[in-house]
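Chain by chain, the residues run as shown.
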Amino acid sequence: MNSSSKMQGIISDRDILIAVITNIIGVLTLSLPKLIAKETVSSDGWLVIIIGGIISSIFALFVTKIAANYPNQSFYSYASYLLSKPIAKILTLIFTLQYFCITSFHVRKISALSHQYLFVNTPIEVISLSFLLAVVYAVSGSRAAIFRLNILFFPILIGGWLILILLPLGIVKFEDLLPVFQTDLKGYVKATYQTIASFGGFGIVLFYIALVKNPKNTPKMSAIGVLVPMFLNVILYIICIATFGNLTTRNLFFPPFDLSRSVEIPGGFFERFDSILFALWTIILFTTTLMAFDITIMTLMMVFNKIKKMTVIFVLSPLIFLASMLPKSYLELIKLNNYLSQFIVIYLLIVTLLLGVANKVKGGNQCE
């Protein structure tokens, strides 16, 4: 019996859809307008986000269809069948390292955000440790609880996003969106790659699909899970460019946060909307970090199946904290962000090609 058989059927296709949306929004959305504006002219980035989103959606559909051929089987289980156990072990451990780095990156990212926008006098180490302890507490519980948290926070996520998009409409300058189609081919290609990298969060489906009782519709849900953030990011990017202009947007660390500082809620009930947005993004990053840490634990236990979950958590937690402290400045954090996003896309593409070719040769639904 594979390691996922005890957990099969605990989530639905809807849970996968919400998890993919949450994970994609939590990874790079805060810095995506900046990254796209750097490579494009005027408001041309909206086209890039649509192209990158459609490509990522097709990619997600293909990846999930491969995994769906082996219902209730862990990644290590069907990769062992398709590629042999030694190769599956190597691929799984690389995923462990990848999600370990993602967890560390998010711990440091939330502390950098907090330090820059709210807790100016609080040491980054204290913020990081506090956030990590909350994640450790949550990941120590059941896996089903992670998806319940996603469902619980999802309406807050969408509601906060809509507020962020709608409130600045009174101060936008739509003339800043013109002229259009001024970016050269090289700029479009670079920006499209950045977009695809930001939508790489759908990779979690490779591991969580084993928990879906009947994954027949999971590929479609995974693809839709990419298209929803694409649509939201297109609107957010247009609002950022129409508010700040392309030149200012490319020089802001987190344009959505600066956008929230530029608006006022009617009635003066809240004087600082950015504090509301920060609370929203803390929730998003919490669930994203939680899933990344959970997959780190899951993949490690696939290879070393005799290790207890709490042992893995207690060993990894200090290492995650230490790794999160390695970047000495925000510029180093941006570089780590770029390297990590590139690795995620390239490695996921390599794994998908390997599994896709092997699945074509051996055929699906035969894994025991």
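Residues numbered from 1 in each chain as written. Predicted model: local features only at pLDDT ≥ 70, side-chain atom pairs only at ≥ 80, totals over all residues. Heavy atoms only, no water.

1. Topic: the overall build of the protein
Then, number 1: Along its length, the protein carries 15 helices and zero strands.
Then, number 2: Compactness check: the protein gives a C-alpha radius of gyration of 20 Å against a globular reference of 21 Å for 368 residues, within 12% of the reference.
Then, number 3: Oriented by its inertia axes, the alpha-carbon framework of the protein measures out at about 60 × 45 × 35 Å.
Then, number 4: Taking the intrachain contacts of the protein between residues at least 6 apart in sequence as the baseline, contacts between residues at least 24 apart amount to 85%.
Then, number 5: With the model as given, the accessible surface of the protein reaches about 16,000 Å², and the carbon-plus-sulfur share is 69%.
Then, number 6: In the protein, which carries 27 positive and 15 negative side-chain charges, the distance between the mean positions of the two groups comes to 15 Å. (Helix = DSSP H or I, 4+ residues; strand = E, 2+ residues; numbered from the N terminus. Rg over C-alpha atoms; globule rule 2.2 N^0.38 Å. Contact = heavy atoms within 4.5 Å. Areas by Shrake-Rupley, 256 points an atom, 1.4 Å probe, with all protein chains shown as cover. Lys, Arg positive; Asp, Glu negative; His and termini not counted. Charge placed at Lys NZ, Arg CZ, Asp CG, Glu CD.)

2. Considering the nonpolar core
Then, number 1: Membership of the largest hydrophobic core comes to 116 residues, with the highest contact counts inside it found for Phe 75 and Trp 281.
Then, number 2: For this core, the element with the highest residue contribution is helix α13 (residues 273-303), accounting for 16 residues.
Then, number 3: Residues within four places of Trp 281 in sequence aside, it is in contact with Ile 25, Thr 29, Leu 30, Trp 161 and Phe 257. (Core = buried A, V, L, I, M, F, W, Y, C linked by side-chain atoms within 4.5 Å. Buried < 20%, exposed > 50% of the residue type's maximum accessible area, 1.4 Å probe, protein only.)

3. A closer look at the side chain of Ser 31
Then, number 1: Along the chain, Ser 31 turns up in the loop between α1 (13-28) and α2 (32-39).
Then, number 2: The exposure class of Ser 31 is buried, given its relative accessible area of 6%.

4. Notes on the environment of Ile 11
Then, number 1: Here Ile 11 is to be found in the segment before α1.
Then, number 2: Overall, Ile 11 belongs to the buried group, its relative accessible area being 6%.
Then, number 3: Excluding anything up to four places from it in sequence, Ile 11 contacts Ile 16, Phe 147, Tyr 208, Leu 211, Val 212 and Lys 213.

5. Considering the pattern of salt bridges
Side chains that differ in sign of charge can pair as their charged atoms come close.
Then, number 1: Within this structure, the stated rule accounts for two salt bridges.
Then, number 2: In this structure, the salt-bridge partner of Arg 143 is Asp 294, at a minimum N-O distance of 2.9 Å. Residue Arg 143 is located in helix α7 (residues 143-166), and its partner Asp 294 is located in helix α13; the two are separated by 151 residues in the primary sequence. (Salt bridge = Lys/Arg side-chain N within 4 Å of Asp/Glu carboxyl O.)

6. Points about the confidence of the model for the protein
Then, number 1: In this model, the protein carries a mean pLDDT of 86, and residues with pLDDT of at least 70 account for 92%.
Then, number 2: Within the protein, helix α14 (residues 309-324) carries the highest mean pLDDT (95), whereas helix α12 (residues 255-261) carries the lowest (79).
Then, number 3: Confidence drops under pLDDT 50 across residues 1-6; counting only partners more than four residues distant or on other chains, this segment forms 10 contacts. (pLDDT = per-residue confidence, 0-100.)

7. A look at empty space enclosed by the protein
Then, number 1: Summed over all chains, the structure comprises three cavities of 30 Å³ or more.
Then, number 2: Lining the second largest cavity are Ser 31, Lys 34, Leu 35, Phe 105, Lys 109, Phe 254, Tyr 330, Leu 333, Ile 334, Asn 337 and Asn 338.
Then, number 3: For the lining of the second largest cavity, the secondary-structure elements that each account for two or more residues are α2, α5 (85-117) and α15 (330-362).
Then, number 4: The element that contributes the greatest number of residues to the lining of the second largest cavity is α15, accounting for five residues.
Then, number 5: Residues of the lining of the second largest cavity, tallied by class, amount to six nonpolar, three polar and two charged. (1 Å grid on protein atoms, 1.4 Å probe; cavity = no way out; pocket = protein on both sides within 12 Å on 5 of 7 lines; lining within 4 Å. Points joined across faces, edges and corners; volume = space filled by probe spheres on them. Nonpolar A, V, L, I, M, F, W, Y, C, P; charged D, E, K, R; others polar.)

8. Notes on the packing of aromatic side chains
Then, number 1: Scanning the entire structure with this criterion turns up 14 aromatic pairs.
Then, number 2: Between Phe 59 and Phe 202 the ring centres are 5.3 Å apart and the planes differ by 75°, which places this aromatic pair in the edge-to-face class. On the criterion of sequence distance, the pair formed by Phe 59 in helix α3 (residues 45-68) and Phe 202 in the loop between α8 (185-198) and α9 (205-208) is long-range, its members being 143 residues apart. Across the pair, exposure class does not vary: Phe 59 and Phe 202 are buried alike.
Then, number 3: A cation over a ring is seen here: Lys 362 above Tyr 81, with NZ or CZ 5.2 Å from the ring centre. (Phe/Tyr/Trp six-rings, centres within 6.5 Å; stacked < 30°, edge-to-face > 60°. Lys NZ or Arg CZ within 6 Å of the ring centre and 35° of its normal.)

9. Section: a nonpolar patch on the surface
Then, number 1: Nonpolar side chains collect at one region of the surface, where Leu 162, Leu 166, Leu 169 and Phe 174 lie side by side and expose about 390 Å² of accessible area between them.
Then, number 2: Within the secondary structure layout, Leu 169 lies in the loop between α7 and α8.
Then, number 3: Residue class for Leu 169 comes out partly exposed when judged on its relative accessible area of 41%. (Patch = residues over 30% accessible without salt bridge, like charges linked within 9 Å, V, L, I, M, F, W, Y side chains within 5 Å.)

10. Some words on the packing of α7 against helix α10 (residues 218-244)
Then, number 1: Closest axis-to-axis distance for the α7/α10 pair is 10 Å, and the angle between their directions is 30°. On the basis of the axis angle, α7 is roughly parallel to α10. Crossing geometry of α7 relative to α10 is assigned as left-handed. Mapping the contact onto sequence places Ile 158, Trp 161, Leu 164 and Ile 165 in α7 and Leu 232, Asn 233, Ile 235, Leu 236 and Ile 239 in α10.
Then, number 2: Partitioning the contact of α7 with α10 into residue classes produces eight nonpolar, one polar and no charged. (Axes fitted to C-alpha atoms, helices over the stretch in contact; angles between N-to-C directions. Parallel < 35°, antiparallel > 145°, perpendicular 65-115°, else oblique. Left-handed = near helix turned anticlockwise from the far one by under 90°.)

11. Notes on the environment of Leu 166
Then, number 1: Of note, Leu 166 is situated in helix α7.
Then, number 2: Classification of Leu 166 as exposed rests on a relative accessible area of 53%.
Then, number 3: Residues Leu 166 and Phe 100, spaced 66 residues apart in sequence, show a C-alpha to C-alpha distance of 36 Å.

12. A word on the environment of Phe 199
Then, number 1: One can find Phe 199 in the loop between α8 and α9.
Then, number 2: Judged by its relative accessible area of 1%, Phe 199 falls in the buried class.
Then, number 3: The sequence separation of Phe 199 and Met 230 amounts to 31 residues, and the corresponding C-alpha distance is 8.2 Å.
Then, number 4: If near-sequence neighbours (up to four positions away) are discounted, Phe 199 is found in contact with Ile 24, Ile 49, Gly 52, Gly 53, Ser 56, Val 226, Pro 229, Met 230 and Asn 233.

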